[in-house]
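A closer look at the structure
These are the residues of each chain, in order.
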Amino acid sequence: MTLAALALAEGVPQLTLFAVLGLALCSLAFLAFELRKREGAAVWVLLSGVLSLLLVGAAVLRPARVNTRGVSVGAKIVVLVDQSRRLLLPSDGKMRRDLALHAADALSKHFSGARVALRGFASGELRPLVVADALAHINPSELSDESDLRSALNALSQEPGERPKAIVVVSDGRFTRPSATQDDASLRELTLALGAPIHTVAVTEQAPRDASIRSIRTSGATVAHQPLALTIEIGCGGGLSCAEVPVTARELRQGVEPFVLASGVAKMTGETATVELSITLERAGARLVEVSIEPPEGDTIPENNTRILTFSVTRDRLRLLHVAGRPTYDVRALRMWLKSDESIDLIAFFILRTDEDNTETSEDSELALIPFPVDELFTEHLPSFDAVILQDIDAVTYKLLRHLPALANYVRGGGGLIMVGGPSAFAGGGYARSPLEAVLPVELGGGEPPFDTADFVPRYTEAGRSAPVLRGLTELFADELPTFTGSNTLGPARPNAITLWEHPDRRAARMPMPVLALGESGDGRSIALGVDGTHALAFSEFADRAAGRAYGALWDGLVGWLMRDPRYEALRLELAGACIAGLPAKLRLVRLPGSAGDVSLQLTRLGPQRTPVLTKSVKDPAPGPLELELGALEVGGYSASARVGAAPPTRFDFACERGGPAWSDSRPDPERLARIAKVSGGRAVSLSQLSELPVPDPIEVAAERSSVPLLPAWAWTLAASLALGGHWYARRRQGLL
Amino acid sequence: MVSRFTRRVALTVPLSLWSTGAFAFGDGGAFHPRLLRAGNHPPLGVRTSGAGRWSWELVRRTSAPARLVPAEVAADQSSLQAEPFVIWAGDADPGPLSSAEVRGLTRFLRLGGVLVVDDSNPASGAFGRGARRELSRVLPESAPVRLDSGHVLFKTFYIVDRPVGRVLGPPELSAIVRGKNAQVIFLQHDLLGALARSGEGFALETEPGGLEQREHAVRLAVNIAMYVLCSDYKDDQVHAPFLMRRRARQKP
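To start, this report covers the structure provided alongside it.

What counts, and where the lines are drawn
Residues numbered from 1 in each chain as written. Chains lettered and ligands numbered in written order. Predicted model: local features only at pLDDT ≥ 70, side-chain atom pairs only at ≥ 80, totals over all residues. Heavy atoms only, no water. Helix = DSSP H or I, 4+ residues; strand = E, 2+ residues; numbered from the N terminus. Buried < 20%, exposed > 50% of the residue type's maximum accessible area, 1.4 Å probe, protein only. Rg over C-alpha atoms; globule rule 2.2 N^0.38 Å. Contact = heavy atoms within 4.5 Å. Areas by Shrake-Rupley, 256 points an atom, 1.4 Å probe, with all protein chains shown as cover. Lys, Arg positive; Asp, Glu negative; His and termini not counted. Charge placed at Lys NZ, Arg CZ, Asp CG, Glu CD. Expected span 1.5 Å × (residues − 1). Axes fitted to C-alpha atoms, helices over the stretch in contact; angles between N-to-C directions. Parallel < 35°, antiparallel > 145°, perpendicular 65-115°, else oblique. Nonpolar A, V, L, I, M, F, W, Y, C, P; charged D, E, K, R; others polar. Buried area = accessible area lost by both parts, 1.4 Å probe. Salt bridge = Lys/Arg side-chain N within 4 Å of Asp/Glu carboxyl O.

The helix and strand inventory of chain B stands at eight helices and nine strands. Every one of the 252 residues in chain B was classed for burial, and the buried ones make up 60%.

Moving on: the overall build of chain A. Broken down by element type, chain A carries 15 helices and 35 strands. Relative to the compact-globule value of 27 Å for 737 residues, chain A shows a C-alpha radius of gyration of 42 Å, a clear excess of over 25%. Its C-alpha atoms give chain A principal-axis dimensions of about 150 × 70 × 55 Å. For chain A, the proportion of its 737 residues judged to be buried stands at 54%. Within chain A, contacts between residues at least 6 apart in sequence are counted, and of these 74% link residues at least 24 apart. Put simply, chain A shows about 31,700 Å² of open surface, and 53% of that area lies on carbon and sulfur atoms. A distance of 12 Å separates the average location of the 75 positive side-chain charges in chain A from that of its 85 negative side-chain charges.

For helix α3 (residues 96-110) of chain A, with 15 residues, the first-to-last C-alpha span of 20 Å sits near the 21 Å given by 1.5 Å per residue. Taken as a whole, α3 of chain A has its buried residues at R96, R97, L99, A100, L101, A103, A104 and L107 of chain A.

Residues and elements named next belong to chain A. With an omega of -5°, the peptide bond between R177 and P178 qualifies as cis. Mapped onto the fold, P178 is located in the loop between β8 (166-171) and α6 (184-192). In this structure, D392 is a non-glycine residue whose phi angle is positive, near 50°. Of note, the phi angle at D620 is positive, near 40°, even though the residue is not glycine. With respect to the helices and strands, D620 occurs in the loop between β30 (614-618) and β31 (626-632).

Here we come to the packing of helix α4 (residues 99-110) of chain B against helix α5 (residues 126-138) of chain B. All names here are of chain B. Remark: α4 packs on α5, axes separated minimally by 9 Å, with the N-to-C direction vectors making an angle of 75°. Taken together, the axis directions place α4 and α5 in an arrangement best described as roughly perpendicular. Residues V102, L105, T106 and L109 of α4 pack against L135, R137 and V138 of α5. Looking at side-chain class alone, the contact of α4 with α5 contains five nonpolar, one polar and one charged residues.

With that settled, consider the interface of chain A and chain B. It is common to give the size of an interface as the accessible area that goes away when the parts come together. In this assembly, 56 residues from chain A lie in contact with 61 residues from chain B. For the pair chain A and chain B, the summed buried area comes to about 4,900 Å², and 56% of that belongs to carbon and sulfur atoms. If you sort the residues of chain A by the area they bury against chain B, Y329, R332 and F539 of chain A come out on top, with a joint share of 17%. There are six salt bridges connecting chain A and chain B. Two residues, R335 of chain A and D236 of chain B, come together in a salt bridge whose shortest N-O distance is 2.7 Å.

Below, the structure is given as structure tokens:
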């Protein structure tokens with residue numbers, strides 16, 4: 001296609017053009033002023049003057065003929081394909097995602113004369129989409145629980161370059177944004193910025209027969225020991241008949257069966273019902289709660305009958321139980337440190353008198369003593385504590401033995417335990433071969449004397465030197481420690497337990513005997529400290545060198561590690577993207593400064609199973625974050641325990657769901673798609689009506705351009721000269737010279 | 001089990017001996033009333049034995065372990081910082097403390113140690129006044145205050161109405177309180193005098209006298225020891241209702 005046009009001033013600067021026009025107009029005005037009272041032959045003066053002006057102008061501007069050769073290109077059309085996890089839902093035996101991708105492919109063919117750009121959207125960011133690749137495999141990192149069309153359209157409107165002539169949205173319509181309640185005015189505002197119609201393609205219009213957990217809402221922060229209300233909305237769609245749907249909330253814990261927190265029944269009125277469950281999470285940190293329903297017969301999507309929520313449980317204050325068998329300077333130091341910390345709610349019980357003591361009074365009213373409420377503490381109140389410190393207390397004498405199974409279960413359920421040494425601690429207190437021994441990080445044996453009385457200086461192990469839990473102490477004294485008098489007889493550290501201090505002379509199973517060891521048992525952590533002299537870090541000539549700060553540094557670390565304070569972990573673990581059951585998942589490990597060595601990972605499923613589902617190790621990896629492939633995991637809660645070098649392991653619990661929030665409402669929403677199309681001037685079609693979508697007109701684009709002067713420059717100049725001569729002659733005849 | 005065994009062994013050991021064998025493990029944490037040497041330090045005489053008796057009474061009456069042999073420590077020795085408790089007793093003005101002694105006591109108190117100032121001659125009060133004067137150099141920012149009858153010192157083990165020692169003395173205690181802790185406790189009751197032994201009996205008669213006064217002096221000593229070992233444990237909320245009921249029973 002070729003177009004011809006006349007150009008008055010080809011290649012002449014704009015300023016010159018305006019100057020010429022200005023001079024011409026001035027001259028014309030002056031001529032009109034001169035001839036205002038003359039008649040007859042004055043018209044020849046005017047005509048010759050105008051002609052002269054035109055020819056002089058043409059001599060300066062040199063008009064040309066411009067020939068343009070152009071091409072017709074197809075209009076730009078953007079096809080937005082919903083890439084949220086919700087599109088993994090089945091529909092008529094196929095995955096909605098596959099239907100959407102096939103629709104996108106068909107649209108490319110339908111708009112074959114246009115330039116079609118395929119983009120995927122989910123949480124807002126637009127990604128280029130290649131249908132063949134997307135059909136071949138699903139990239140979990142590109143899937144999102146969100147289906148945010150609003151952000152996708154905003155992103156599209158802000159892209160530089162040519163605006164699309166039409167947009168086609170392929171989805172089931174159940175967007176997170178714009179919501180179903182958004183009015184037409186705000187929908188119109190959303191589409192105005194694009195200046196193009198939005199056509200919509202509904203991948204499905206038929207709701208499946210499905211009962212599901214539509215939403216779970218909580219009110220307020222999740223604080224340990226405090227009741228938390230879960231408002232659970234249950235939905236029934238696709239004609240499924242639901243009357244009463246039982247709902248259960250259970251906490252997933254490591255090494256034990258899930259613990260039932262609450263249960264209820266949702267009574268359906270219409271398509272939805274709401275049930276409120278009150279749960280109390282006793283342990284702080286990341287806690288996984290599984291909420292499940294028992295659907296009626298005929299439910300076609302079982303994956304959305306269960307949700308696994310991760311609660312980040314905080315503490316109002318750390319609630320500690322400190323029980324000591326007798327008052328000593330060691331008890332004093334620990335109590336004073338615990339009481340000095342405003343974030344600790346301390347409940348303390350010290351045995352101040354035994355039955356053999358002679359108080360020289362028979363009147364209880366003269367004594368400020370209360371009975372040791374051992375039964376009450378270790379039954380009714382035990383779950384309310386974040387950690388228990390048993391300091392040199394005899395389990396036999398003080399009737400703790402019968403509560404040790406509960407205390408062991410408390411630790412496995414997520415509680416913390418520190419056993420502090422002394423003559424009545426560990427084997428000396430009757431704990432050997434008791435249920436509590438199983439949750440301690442060391443074995444207790446029992447055949448040897450329960451303690452030794454020799455002075456010694458504990459030795460840091462390699463793990464102790466690199467453990468963040470002791471960093472505060474090593475920063476003050478490097479690897480120097482005070483002399484302790486005597487040590488409890490401890491057995492070897494259990495598998496997966498870490499010894500931080502060891503005895504320089506005593507042996508346990510042919511290894512140096514642990515003095516300070518950390519361990520995990522089920523969901524909880526425990527610490528064994530086989531000396532009763534850490535008060536020497538608070539008050540002694542040694543302590544004086546650091547003004548007594550070493551004691552706080554040690555116990556800050558021990559209690560912090562027990563409570564999973566990230567400051568005392570050698571690693572930070574997080575999921576790289578969502579964990580979707582059946583799809584490959586990745587774990588990102590970020591090593592803290594100072595952590596070095598091989599990295600090992602053990603992945604265990606939360607629940608009674610103790611066998612790891614995955615173990616991995618990376619030999620001396622390069623600095624920086626490290627990503628480890630976990631493979632395709634099944635639905636459930638998982639606990640990843642990773643270790644760097646000899647440092648104590650760090651634990652990270654996470655959930656892997658098949659559906660998650662994206663599958664909570666399986667019903668498509670073709671009405672919303674229709675409204676979006678209507679307000680933007682587009683059309684809403686189903687998969688079978690793709691051919692009905694209008695194809696925008698093509699755009700003409702110039703490809704080649706040439707200009708040819710109408711006359712050579714000398715001809716314009718000659719003509720202008722002759723005209724000026726004629727004008728001079730006419731003026732002379734009129735007596736205007 | 002072991003603790004009972006070791007405590008019983010301790011009770012059988014003559015006061016003049018260290019209870020080394022039985023109390024070795026945990027010995028470092030046992031109550032130990034050390035006698036402070038500071039300023040002009042005339043010999044305490046029989047009152048020196050009062051420290052051992054203090055430990056003996058503590059072990060006999062409570063579950064707390066204690067070291068039975070008294071020890072002396074100088075204010076300018078670094079070993080002052082070895083343990084958190086020391087008694088400064090005397091019957092005359094101690095005179096000015098040397099700079100090294102002031103530094104030693106400052107470090108002791110800044111680490112959180114507890115110092116009992118026991119005036120052996122409350123009638124003259126010269127020691128008490130002198131000790132206060134010198135301690136104002138050690139802790140110039142902290143003045144002694146009177147401890148009210150609700151202070152934890154009066155309920156750490158026994159419910160004590162008023163302090164008494166060899167002499168009846170004033171019905172209250174005063175102390176330098178730092179943070180929440182009474183760190184320097186001033187006694188004008190000659191507590192060591194009430195505990196001092198001579199042979200099989202007590203070395204000094206109580207004034208105005210009587211077994212009951214000595215018993216109350218021992219109870220005060222036990223309470224002070226328990227305060228050193230447990231700090232404000234009996235101020236915990238869990239004890240409050242019990243103690244209120246018992247006080248009510250004591251004072252019908």
